[in-house]
Amino acid sequence: MHRHIDDQLRDDLSAAIDDERRADVESILEYALWGLLFEDLRLASRALAVLAPHDGVWAVRVAAARVVLRSHQGSDLLGVPELAPGAPEVHDAVRVESMLVTLSASRSRARPEEIAGLLAELTRLDTEGTLEAPGSPPLLRALLRVQLAIAHLHAGSSAVALAHLAVAARLADSCATLHRSILAKSATVHALRGNLVEARRQLRRFDRVAGEIPPSWARALREEQALAEAMLLVERFDAHDPEMEWPEVEASDDLWPVTALLRARHALLERSPMRALEIVEFAEATHPGWNSLFAQDVVAAMKAHAHLQLSEPDRARQVLTHAPQGPLVVLATAHMHMYVGDAGAARELATAVLDRSTSSLAERAEALLVRIWADAVLANLPTAREGGIVGRMVVAAGLVRIIAHMPGWLMDQMVDLSERSIRPAFEAAVEKASAALVIAERPQLTPRETVVLKALERHASVSDMAKALSVSPSTVKTQLSAIYRKLGVSSRHHAVPAAYRLGLLERSSTSHPA
């Protein structure tokens, strides 16, 4: 891959800057500005400084350059003073640059309904073939697609975001730095959606991009790559190097909700709910004014999961009640209903996620598990078909994180029901996630229920239990129904393992589980 800006153009621009030939600087930047931002940021800054006070078209262009740097670098490194807005839109390129500025501003300041209206209008222009303004440079058109992708991600449309990133990657293949940045973003969004195979493919493409990366961009690209790789690590529940540098919430700009989600999920997997709460609250504090649907969805859902781990369902409910009903919030609400024993409400929410055409693979996988869990508690036993689907999601798709939100007894049952060919790998994945499997609040059994539970551990049938306890079989069945309900299981086969996990029974060499 060749550099977008050749040495002769750099020399010509440097000479024009040194001689303060403003007209020549403007002429060269008309074509070269967007490539220079990614290949020679220092030279781009010098050139823009010559154009002070940057009235007219250049006010828009500098504002657009700031947007680009914040999106791909996480900060503005131009070193050029802020400029007054209101420049005239005199041709296609300036119109595209104005869109860049508008899209960036909308993410942090506009109301969700205003963002939806803006995206609908831009989608109409795209459908009509007038969005990209063919007279504008390809890199500028690529940058517009990136901003559209980020805007759609914040509006809750990650699939549309990926479509725009795919177009942007094709437009940016002449600029190694921008091309790598787009591929890293694509990998991150694929991992967010649970498509880990495609995320890894995008990272392999990232590694294969040829071309020199300027030192001023090396760190930014490493951070974008690290975000995608960390997303894969958490979704697969893989072990990581203790010295691994995790993406920083405060250093991220457009994708800060993804970084907050990643780090909060990692904390929850390590059973550190207080750290998860601190992460999302810190993310809010370092990005004030952001009210996109995606940002609110991430913050509310992670807070709710943290409160559930802290055995604070009322606080989780309070957080979720006041949050927009994004997919993460809906799934967190379903988990809260399971925590408080309302399996019917949890099943209804999980089914809604499964029925929604825009749900991602990760959302569908988690919703399916919640519905199976709710069905089991409602005495509808899981099927071999469900066990096979869950097993393939965990083994083939690599979505190990989702099982960490489930009770251990349910995952044992899923392993038993899965296909023989994947059962060993499925069992290994459950074992890997065992440290993070949901530990339900220890149920309170009556003294009589405790006696019946111990009898269940020792005897194989209801009649044997009744004889040992000197009661009728119907009395035993009544007590067992109450015990199953409190343990969140649907059969004798899973009651004793659940009781072991919850500390209601102690394993001994003389135990003979049913």
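Residues numbered from 1 in each chain as written. Predicted model: local features only at pLDDT ≥ 70, side-chain atom pairs only at ≥ 80, totals over all residues. Heavy atoms only, no water.

Across its full length, the chain carries 25 helices and 0 strands. Residue burial in the chain is summarised as follows: out of 514 residues, 55% are buried. At a minimum sequence separation of 6, the contacts of the chain that also span at least 24 residues come to 69%. Summed over all atoms, the accessible surface of the chain reaches about 22100 Å², with 52% contributed by carbon and sulfur. (Helix = DSSP H or I, 4+ residues; strand = E, 2+ residues; numbered from the N terminus. Buried < 20%, exposed > 50% of the residue type's maximum accessible area, 1.4 Å probe, protein only. Contact = heavy atoms within 4.5 Å. Areas by Shrake-Rupley, 256 points an atom, 1.4 Å probe, with all protein chains shown as cover.)

Before going further, it helps to examine empty space enclosed by the protein. For the coordinates displayed, the defined rule picks out 2 cavities of 30 Å³ or more. Reported here for the largest cavity is a volume of approximately 60 Å³. Every residue lining the largest cavity is listed: Arg265, Ala301, Met302, His305, Leu328, Leu331, Glu366, Arg401 and His405. A per-element tally of the lining of the largest cavity places helix α14 (residues 293–309) first, with 3 residues. Residues belonging to the lining of the largest cavity are distributed by class as follows: 4 nonpolar, 2 polar and 3 charged. At the level of secondary structure, the elements contributing two or more residues to the lining of the second largest cavity comprise α7 (138–154), α8 (158–171) and α9 (176–193). The biggest single contributor to the lining of the second largest cavity is α7, with 3 residues. Taken together, the residues of the lining of the second largest cavity break down into 7 nonpolar, no polar and 1 charged. (1 Å grid on protein atoms, 1.4 Å probe; cavity = no way out; pocket = protein on both sides within 12 Å on 5 of 7 lines; lining within 4 Å. Points joined across faces, edges and corners; volume = space filled by probe spheres on them. Nonpolar A, V, L, I, M, F, W, Y, C, P; charged D, E, K, R; others polar.)

Counted by the stated rule, this structure contains 1 aromatic pair. Centroid distance phenylalanine 38 to tryptophan 217: 4.7 Å. Interplanar angle 25°. Geometry classified as stacked. Pair noted here: phenylalanine 38 is in helix α2 (residues 22–39) and tryptophan 217 is in helix α11 (residues 215–236), with a separation of 179 residues, a long-range link. By relative accessible area, phenylalanine 38 is classed as buried at 0%. (Phe/Tyr/Trp six-rings, centres within 6.5 Å; stacked < 30°, edge-to-face > 60°.)

In this model, helix α18 (residues 361–377) (17 residues) spans 25 Å end to end at C-alpha, consistent with the 24 Å of a helix rising 1.5 Å per residue. Of all 17 residues in α18, 13 are buried; the element is thus mostly enclosed. The first or second residue beyond α18 is alanine 379, which carries a positive phi of 75°. (Expected span 1.5 Å × (residues − 1).)

The next point concerns the environment of alanine 304. Structurally, alanine 304 is set in helix α14. Of the residues examined, alanine 304 reaches a relative accessible area of 0% and is grouped as buried. Each C-alpha atom, one on alanine 304 and one on leucine 320, is 6.8 Å from the other, the two residues being 16 residues apart in sequence. The contacts of alanine 304, once residues within four sequence positions are left out, are Ala316, Leu320 and Ala332.

On inspection of all chains with the given rule, the structure shows 20 salt bridges. Between arginine 145 and aspartate 126 there is a salt bridge whose closest N-O contact spans 2.9 Å. Taken as a pair, arginine 145 in helix α7 and aspartate 126 in helix α6 (residues 112–128) lie far apart in primary sequence, 19 residues in all. (Salt bridge = Lys/Arg side-chain N within 4 Å of Asp/Glu carboxyl O.)

Turning to the packing of helix α19 (residues 384–395) against helix α20 (residues 408–417), a few remarks are in order. The contact between α19 and α20 brings their axes to 7 Å, and the two run at 100°. Taken as axis vectors, α19 and α20 run roughly perpendicular relative to one another. Between α19, through Ala384, Glu386, Gly387, Gly388 and Val390, and α20, the contact on the second element is made entirely by Met411, Met414 and Leu417. Split by residue class, the contact of α19 with α20 holds 5 nonpolar, 2 polar and 1 charged. (Axes fitted to C-alpha atoms, helices over the stretch in contact; angles between N-to-C directions. Parallel < 35°, antiparallel > 145°, perpendicular 65-115°, else oblique.)

Glancing now at the nonpolar core. If you look at the biggest cluster of nonpolar residues, it comprises 154 residues, and the most contacted ones within it are Leu29, Trp34, Leu37 and Val390. Considering every element that reaches this core, the biggest residue donor is α7, with 11 residues. With sequence-adjacent residues up to four places away left out, valine 390 is seen in contact with Leu368, Leu369, Ile372, Met411, Met414 and Phe426. Grouped together as the second largest cluster of nonpolar side chains are 20 residues, Val452, Leu456, Ile483 and Tyr500 included. (Core = buried A, V, L, I, M, F, W, Y, C linked by side-chain atoms within 4.5 Å.)

It is worth spelling out the confidence of the model for the chain at this point. Confidence in the prediction for the chain averages 84 pLDDT; 87% of positions are at 70 or higher. In the model, residues 509–514 has pLDDT below 50 throughout and makes 12 contacts with residues more than four positions away in sequence or in other chains. (pLDDT = per-residue confidence, 0-100.)

So, about the environment of glutamate 97. As for its position among the elements, glutamate 97 is in helix α5 (residues 92–109). Residue classification places glutamate 97 among the buried residues on the basis of a relative accessible area of 1%. C-alpha separation for the pair glutamate 97 and leucine 140, spaced 43 residues apart in sequence, amounts to 7.7 Å. Those residues in contact with glutamate 97, other than ones at most four positions away along the chain, are Trp34, Val60, Arg61, Ala64 and Leu140.

Among the residues of helix α15 (residues 313–321), Pro313, Ala316 and Leu320 are the ones counted as buried. End-on, the buried residues of α15 take up no more than an arc of 60°, which puts them together on one face. Exposed side chains of α15 directed beyond 90 degrees from the buried face belong to Asp314, Gln318 and Thr321. Looking at the packing, one finds that the buried side of α15 touches α14 and α16 (327–340). (Arc of directions from axis to C-beta.)

A few words now on unusual backbone geometry. Backbone geometry at arginine 271 places phi at a positive 60°, although glycine is not the residue there. Relative to the assigned elements, arginine 271 resides in the loop between α12 (256–269) and α13 (273–286). Taking relative accessible area as the criterion, arginine 271 reaches 29% and is therefore assigned partly exposed. The phi torsion at serine 311 lies on the positive side, around 60°, for a residue other than glycine. Relative to the assigned elements, serine 311 resides in the loop between α14 and α15. Here serine 311 falls in the partly exposed class, since its relative accessible area comes to 42%.

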